[in-house]
Amino acid sequence: MENSETYRFKIVIVGDGAVGKTSLIKKFTKGTFEKDYVKTIGAQFSKYNKKFNGDLIRLVFWDIAGQEDFNFLQPLFYKESKAAIIVYSLEENTLGKKSFTHIENWYEVIKKNCGDIPIVLFANKVDLIDENSINKSKIKTLADEYKFLNFFFTSAKTGQGVVNAFNAIIERLYLQFKTI
Ligand code: G3D
Ligand code: MG
């Protein structure tokens, strides 16, 4: 197309180990991403192209593979990120509880390294719980407090909410950077 433009967005996906970060990327890209692993910083990045309004969006998702213990390499991981996704797990166990508590920590790290980039929150593994038992106001309060763009209930297993959640942040970036 004649007037088509290309946009490049780096998006970091953070959250405690085992909350489903890698599975979510796989689900969204239907496994068609090109994966590369940066051993030194314990991160992988997945490249994925998406057409939108005739324009091409080249996405790179950076995903922490190891645990959070990589403080001195943080700047490299976060460098030039245009948006961030914080993932936690809704499951009713220690991982679920801790990963919710740690949202604040992840927020602080993003803020420190990236400043005011848009952040969305994914409450993942929604397939594992009864949706009526979710305390939505607790999540909304937190999302308001940190000025998250939005929050979504997702399941990398069933696919519920996944495309919507990713598209929300991608469309936000597209509108922000689209040349007028
Ligand atoms: P991480 O990248 O955040 O560390 P992974 O997490 O994507 O590796 O997922 C950790 C485990 O949780 C995996 O299980 C994965 O299949 C499971 N998982 C991820 N998302 C969901 C989800 O939405 N629902 C359910 N039920 N499980 C999910 P295994 O057993 O492979 O380690
Ligand atoms: Mg992973």
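Here the structure is shown first, and the text comes after it.
Now for a quick tour of the structure.

The rules behind these values
Residue numbering note: each chain is counted from 1, following its sequence as written. The naming scheme follows written order: chains are lettered A onward, ligands numbered 1 onward. In keeping with the predicted nature of the model, local features appear solely for residues at pLDDT of at least 70, side-chain atom pairs appear and are counted solely at 80 or more, and the whole-chain, interface and lining totals rest on all residues. Values reported for side chains reflect all heavy atoms of the structure, with hydrogen atoms and water molecules removed beforehand. We define a nonpolar core as any set of buried Ala, Val, Leu, Ile, Met, Phe, Trp, Tyr and Cys residues linked to one another through side-chain atoms lying within 4.5 Å. Each residue is assigned to one of three classes by its accessible area relative to the maximum for its type, calculated with a 1.4 Å probe on protein chains only: buried under 20%, partly exposed between the two thresholds, exposed over 50%. Numbering goes from the N terminus for both helices and strands, where a helix is a DSSP run of H or I of at least four residues and a strand is a run of E of at least two. Only heavy atoms matter for contacts: two residues are in contact if any of them lie within 4.5 Å across the pair. Angles run from 0 to 180 degrees between N-to-C directions of axes, and those axes are lines fitted to C-alpha atoms, restricted for helices to the stretch in contact. Should an angle fall under 35 degrees it is taken as roughly parallel, and over 145 as roughly antiparallel, whereas 65 to 115 is taken as roughly perpendicular and any remaining angle as oblique. The residue classification treats Ala, Val, Leu, Ile, Met, Phe, Trp, Tyr, Cys and Pro as nonpolar and Asp, Glu, Lys and Arg as charged. All others, Gly included, are polar. Here a strand pair is declared whenever DSSP counts at least two bridges between the two strands.

Considerations on the nonpolar core
Then comes step 1: In terms of nonpolar packing, the biggest core is built from 36 residues, with Phe77, Tyr78, Ile86, Ile110, Leu121 and Phe148 touching the most fellow members.
Then comes step 2: Among the elements that make up this core, the one with the highest residue count is helix H4 (residues 103–114) (6 residues).
Then comes step 3: Tyrosine 78 has contacts with Lys10, Val12, Val14, Trp106, Val109, Ile110, Asn113 and Cys114, leaving out every residue within four places of it along the chain.
Then comes step 4: Phe52, Val120, Phe152 and Ala165 belong to the second-largest nonpolar core, a separate cluster that totals 28 residues.

Focus on the packing of helix H1 (residues 21–29) against helix H6 (residues 162–177)
Then comes step 1: Running from N to C, H1 and H6 point in directions that differ by 90°, and their axes come no closer than 9 Å. The angle between H1 and H6 falls in the class roughly perpendicular. Here Leu24, Ile25, Lys27 and Phe28 of H1 lie close against H6, whose contacting residues are Val162, Val163, Phe166, Asn167 and Ile170.
Then comes step 2: In terms of residue class, the contact of H1 with H6 is built from 7 nonpolar, 1 polar and 1 charged.

Here's the deal with the sheet that holds strand S1 (residues 6–14)
Then comes step 1: The 7 strands lie next to each other as S2-S3-S4-S1-S5-S6-S7, forming an open sheet whose pairing is mixed. Edge positions in the sheet fall to strand S2 (34–38) and strand S7 (150–153), since each of these pairs with one other strand and no more. Going across the sheet, the axis of each strand differs from the next one's by a mean of 25°, ignoring polarity.
Then comes step 2: As paired elements, strand S3 (residues 43–52) and strand S4 (residues 55–64) share 10 bridges and run antiparallel to each other. When the bridges of S4 are listed, lysine 51 appears paired with leucine 56.
Then comes step 3: Seen against the sheet, H4 touches S1, S4, strand S5 (83–89) and strand S6 (119–124) and runs at an angle of roughly 165° to S5.

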